[in-house]
Amino acid sequence: MTVFFIGAGPGDPELITVKGQRLVRSCPVILYAGSLVPAAVLDGHTAGQVVNTAELDLDEIIALLREAHDGGKDVARVHSGDPSLYGAIGEQIRRLRELRIPYEIVPGVTATAACAAALGCELTLPDVSQTLILTRFASKTSMPEGEQLGDLARHRATMAIHLGVRHLARIVDELRPHYGDACPIAVIYRASWPDEEKITGTLADIVGKVQTTQIERTALILVGRVLDAEGFADSTLYAKAGS
């Protein structure tokens, strides 16, 4: 018996991996984060037990995993995006190790990748930015020392900021001294879902633009010069031999 932590991708049910889809359709038990994983991801499943864990606490989730283990049943534990990023699987894994229950992580398409696709851009460009920082805004969960937005912004790398759209004005205040008012920024709501919405602008005007929408959650913030870069050098990947 194995608990499979499966990344369902950012929303589009076709963006789950082939392995993830195979496990969802074959595992006899499915536990999924219903608030973030669309029901279509479960299409074709043959599970005898399907549980939406959105309203369950950690103890209740672990009890279900232990019950499946005692019955020798594989579990598809389905999370949104990639489960290793803000998926809260660490605390589940810790409990599984204590109980000696086997587990495996199946990667998924990240929200950041879906946002880049929605914007039609590359997040790493020669001479512009070769670094991508994935982080979050410190609200309920504090940030370790040295990981405040201001600390990270000093690098002026491309940055993807999770779980922060409600605090956009504060985020912009921390970014502007390092990136400048003219730096492009985008707020992408529910990337790859049918109701996806993209708001683009600069650090000088993005707050006002987002205030005209109803976006308050389930959005990712991308900031960096790659979002509207022109005139950057070609990479060496496709350069002619000897050039």
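By the naming in an unreviewed UniProt entry, the protein goes by Precorrin-4 C11-methyltransferase /precorrin-2 C20-methyltransferase and is assigned to Paraburkholderia phenazinium. Of the comments in the UniProt record for the protein, the one headed Pathway (unreviewed entry) reads "Cofactor biosynthesis; adenosylcobalamin biosynthesis." Under the UniProt heading Sequence similarities (unreviewed entry), the note attached to the protein is "Belongs to the precorrin methyltransferase family."

A tally of regular secondary structure across the protein gives 7 helices and 10 strands. Reported as C-alpha extents along the three principal axes, the dimensions of the protein are approximately 60 × 50 × 35 Å. For the protein, the proportion of its 243 residues judged to be buried stands at 42%. Here the contacts in the protein between residues at least 6 apart in sequence split such that 67% fall between residues at least 24 apart. When the accessible surface of the protein is totalled, it reaches about 12900 Å², and 48% of it is carbon and sulfur. If you average the places of the 23 positive and of the 30 negative side-chain charges in the protein, the two averages end up 3 Å apart.

Cut-offs and rules
Residues numbered from 1 in each chain as written. Predicted model: local features only at pLDDT ≥ 70, side-chain atom pairs only at ≥ 80, totals over all residues. Heavy atoms only, no water. UniProt positions renumbered as here; feature names shortened; annotations may be inferred. Helix = DSSP H or I, 4+ residues; strand = E, 2+ residues; numbered from the N terminus. Buried < 20%, exposed > 50% of the residue type's maximum accessible area, 1.4 Å probe, protein only. Contact = heavy atoms within 4.5 Å. Areas by Shrake-Rupley, 256 points an atom, 1.4 Å probe, with all protein chains shown as cover. Lys, Arg positive; Asp, Glu negative; His and termini not counted. Charge placed at Lys NZ, Arg CZ, Asp CG, Glu CD.

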